[in-house]
Amino acid sequence: YTGGFQERFRMQAETVASAIRIGDPMSWDKARVVIVKTNGVVTEVTVRLRPLPPPAVTVVAVLPDLDAASRAVAGVLAAGTPSLLELMDRETVRAVEASRAMGLDTEAAALVLVQSDLPGEAGEAQARAFEAACLEAGAAETYRSETTAEAEALLSARRMALPALEALGDVLID
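Residues numbered from 1 in each chain as written. Predicted model: local features only at pLDDT ≥ 70, side-chain atom pairs only at ≥ 80, totals over all residues. Heavy atoms only, no water.

Of regular secondary structure, the protein possesses 5 helices and 6 strands. A total of 174 residues make up the protein; the buried ones form 32% of that total. Sequence-distant contacts in the protein: of pairs separated by 6 or more residues, those separated by 24 or more amount to 61%. (Helix = DSSP H or I, 4+ residues; strand = E, 2+ residues; numbered from the N terminus. Buried < 20%, exposed > 50% of the residue type's maximum accessible area, 1.4 Å probe, protein only. Contact = heavy atoms within 4.5 Å.)

Structure (structure tokens):
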């Protein structure tokens, strides 16, 4: 909230509890501080709803070797600033696939996962540029999400990486 405190005044409470009215707080933290300091009670809250952001577009590239994966990462960064850029090596991909069959290419040297959260056509254009950079670097194939559900499915392998590696034994992450 950026409007600041419109009004703040003590009210005569009709019960044992005291009350305070806080209008359009600058932040929830400030509102909490005022309520705690004055032993206040919240009697009404007005919020402004904002539309959900557009879904992020996710690209996954399958790379034949780590040199190609490194070129893909460099190409992606040259093409723009992704909201997410991850690389999964062969051992991690194999651990995830062993933990949960997802149809991952266990012979690929690496998977590069890239995401754009720019709105609308700008996000689509950026995702196409990321995909082109991966293909130019030598990606054997790429996948691009069309829906939020597809984006979540493409990223689920990355979310499974640490638990899958931990299941194989000790993991050292520094």
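Here the narrative resumes.
Attention shifts here to helix 5 (residues 148-168). End to end, helix 5 covers 31 Å across 21 residues, agreeing with the expected 30 Å (1.5 Å per residue, within 8%). Along its length, helix 5 reaches its greatest deviation from straightness, about 40 degrees, at Ala161, and the proline Pro163 lies no more than four positions downstream. Among all positions in helix 5, only Ala151, Leu155, Ser156, Ala157, Met160, Ala161 and Ala164 are buried. In the core, the buried residues of helix 5 are packed alongside strand 3 (57-63), strand 4 (84-89), helix 3 (90-99) and strand 5 (110-116). Within two residues after helix 5, Gly169 carries a phi angle of roughly 145 degrees, on the positive side. (Expected span 1.5 Å × (residues − 1). Bend = angle between axes of the 7 residues up to and from the residue.)

Bringing helix 2 (residues 66-79) into the picture now. The end-to-end C-alpha separation of helix 2 is 20 Å, in line with the 20 Å expected for 14 residues at 1.5 Å each. For helix 2, the full list of buried residues reads Ala68, Ala69, Ala72 and Val76. Buried residues in helix 2, looked at end-on, bunch into an arc of 100 degrees, giving them a common side. In helix 2, those exposed residues whose orientation departs by more than 90 degrees from the buried face are Asp67 and Ala78. (Arc of directions from axis to C-beta.)

Our next topic: the pairing of strand 3. For strand 3, the tally of buried residues reaches 7 of 7 residues, placing the bulk of the element in the interior. The alternating pattern of strand 3 places Val57, Val59, Ala61 and Leu63 on one face and Thr58, Val60 and Val62 on the opposite face, and all of these are buried. Bridge count between strand 3 and strand 5: 7 bridges; the pairing is antiparallel. Across the sheet, Val60 pairs through a bridge with Leu113, a residue of strand 5. With 4 bridges connecting them, strand 3 and strand 6 (residues 141-144) associate as antiparallel partners. What sits directly across from Val59, in strand 6, is Arg144. (Pairing = 2+ DSSP bridges.)

Moving on, we get to the confidence of the model for the protein. On average, residues of the protein score 82 in pLDDT, and 74% of them reach the 70 mark or higher. The lowest-confidence element of the protein is strand 2 (residues 19-22), averaging 41 in pLDDT; the highest-confidence one is helix 2, averaging 97. Predicted confidence is poor over residues 13-25, with pLDDT under 50, and the contacts of this stretch with residues over four places away or in other chains come to 36 contacts. (pLDDT = per-residue confidence, 0-100.)

Together, Leu162, Val171 and Ile173 give the surface a local cluster of nonpolar side chains, amounting to about 250 Å² of exposed area. Here Val171 shows up in the segment after helix 5. (Patch = residues over 30% accessible without salt bridge, like charges linked within 9 Å, V, L, I, M, F, W, Y side chains within 5 Å. Areas by Shrake-Rupley, 256 points an atom, 1.4 Å probe, with all protein chains shown as cover. Salt bridge = Lys/Arg side-chain N within 4 Å of Asp/Glu carboxyl O.)

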